[in-house]
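# Close look at the chain arrangement
Now for the letters of each chain:
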Number of protein chains: 2
Amino acid sequence: MTQSNSHLQPTARTQIKRLPKRGHYETERIYQILDEALIAQVGFALEGQPYVIPTAYGRVGDRLYLHGSPASRMLRSLQAGIEVCVTVTLLDGLVLARSAFHHSMNYRSVVVFGTATVVESLVEKEAALKAFTEHVVPGRWDEVRSPTKAELQGTLVLSLPLSEASAKVRTGPPIDDAADYGLSVWAGEIPLRVMAQPPISDPQLSTDSATPDSVQNYQRGKSAADKNAAL
Amino acid sequence: MTQSNSHLQPTARTQIKRLPKRGHYETERIYQILDEALIAQVGFALEGQPYVIPTAYGRVGDRLYLHGSPASRMLRSLQAGIEVCVTVTLLDGLVLARSAFHHSMNYRSVVVFGTATVVESLVEKEAALKAFTEHVVPGRWDEVRSPTKAELQGTLVLSLPLSEASAKVRTGPPIDDAADYGLSVWAGEIPLRVMAQPPISDPQLSTDSATPDSVQNYQRGKSAADKNAAL
């Protein structure tokens, strides 16, 4: 799905100006972050008033899909073709320095700029809904009831090109002032990971519904990505 | 720190219109979500162009503090007094329905609207920096070198009132179509939690710097909150 060695051209909006060495424009890196994260923060402005709405999403190739009810203010606003900024953030660790001032965080984030268009084709809509489902739980699409034509028609799906995007990444230990390295203060990183807890069955589950492997062995994050990459 | 039984008045911007039963306006609930999350998504618009920037933050009473370099475009824009929307999202679980269409997520989110003001007082600035540090690792402030006057003066701190805010919360199992409850498809929730991994010491750590309890036993999320509440 990813285009190896492909780079996006930075634009005035995506060029990382603060701490430019943290900026990345390779599509592979951008797609990996989008695929690992689960929630996008969708930003738009109506008459100067900004809104930031957390939402699920899916990716198919070089397009990001958003969906929801046609009554959603966010989707109604975006389908008019106004500018949107979608941000995704993975928090990888807390960076504890010897001074309060140099505390930081390790993270991987992606920012996408552009305008969204409504997906009219039921075929593309179904592909987007499959991407939403598979993004959350790989393998889930084949385990569940597929969308009906009425469900597809009743869902508003928007498509945003991933042509103007950048990633920003911080890794590694704290950077302290030279004079502080001699202090007797512990410094380093507390890595954070999103971990799946044991699944909770729906109280109304029918007795012959076994927990599938996709759910029982659910993992998110770097180790899961490494495992999948090795398959 | 929280004002029990205090409710914010919903405004045109904070009133939850879609799925209003998920909306909450109690300050205690809003503050708890802000205190548990680590990253805020700060949205603002410049000439109609929206920007959403992930950033750390701190809370003191009914004020949210943002900080960074005076060179930051986000902070320079916000200090001019333009409208800002700050969104914080905690993803608590994946909600797997019997149909693709009814998949959802359990989450707790907060949206804050308002305008930020620059904190000029060094005393308030230091209180804000303490809040940033204690928000990330409770107890850390007393373990590290305090900010110097030059560091305080070189940090831009913005204060945003928490007077116009709302929370949105989804919990519980999936809601399927009545006809789908008989399907032999597993349904339920995969709870997610942010877990601390074993701390990684800075390779340049001096040999007499022991790992403090605040780092060794670091926890985030509901169990940590429950534990702290019980103390």
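Heads up: the structure comes first, above all this text.
Residues numbered from 1 in each chain as written. Chains lettered and ligands numbered in written order. Predicted model: local features only at pLDDT ≥ 70, side-chain atom pairs only at ≥ 80, totals over all residues.

### Concerning the environment of Ala116 of chain B
Residues and elements named next belong to chain B.
- As for its placement among the helices and strands, Ala116 is situated in the loop between β7 (104-115) and β8 (117-118).
- Taking the C-beta count within 10 Å as the criterion, Ala116 has 26 such neighbours and is therefore assigned buried.
- Not counting chain neighbours up to four residues away, the residues in contact with Ala116 comprise Leu66, Leu78, Gln79, Val84, Leu158, Ser159 and Leu160. (Helix = DSSP H or I, 4+ residues; strand = E, 2+ residues; numbered from the N terminus. Buried ≥ 20, exposed ≤ 12 C-beta atoms within 10 Å, placed from the backbone. Contact = placed C-beta atoms within 7 Å.)

### Focus: the pairing of strand β7 (residues 104-115) of chain A
Residues and elements named next belong to chain A.
- Burial analysis of β7 places nine of its twelve residues in the buried class, which makes it a mostly covered element.
- For strand β6 (residues 83-96) and β7, the ladder comprises twelve bridges, and the chain directions are antiparallel. The partner of Val88 across the bridge, within β7, is Val110. (Pairing = 2+ DSSP bridges.)

### Here we look at the interface of chain B and chain A
- Contact with chain B, which involves 82 residues of that partner, is made by 82 residues of chain A.
- Listed by contribution, the elements that provide at least two residues to the side of chain B that touches chain A are β2 (40-46), β3 (49-55), β6 (83-96), β7, α3 (122-136), β11 (188-196) and β12 (200-201) of chain B.
- Looking at the side of chain B that touches chain A element by element, the count peaks at nine residues for β11 of chain B.
- Here the residues of the side of chain B that touches chain A are counted per class, giving 46 nonpolar, 22 polar and 14 charged.
- Pairing of strand β12 (residues 200-201) of chain A with β11 of chain B involves two bridges; the strand directions are antiparallel. Following the sheet pairing, Ser201 of chain A is matched in β11 of chain B by Gly188 of chain B. (Nonpolar A, V, L, I, M, F, W, Y, C, P; charged D, E, K, R; others polar.)

### Examining the sheet that holds strand β5 (residues 63-68) of chain A
Residue and element names in this part refer to chain A.
- Overall, antiparallel pairing links the four strands, which are arranged β4-β5-β9-β8 in an open sheet. Strand pairing shows two members of the sheet lacking a second neighbour, β4 (58-60) and β8 (117-118), which therefore form its edges.
- Relative to strand β9 (residues 156-161), β5 runs antiparallel, the two being bridged by six bridges. Paired with Leu64 across the strands is Leu160, a residue of β9.
- Along the sheet face, helix α3 (residues 122-136) touches β4, β5 and β9 and points at about 120 degrees away from the line of β4. (Axes fitted to C-alpha atoms, helices over the stretch in contact; angles between N-to-C directions.)

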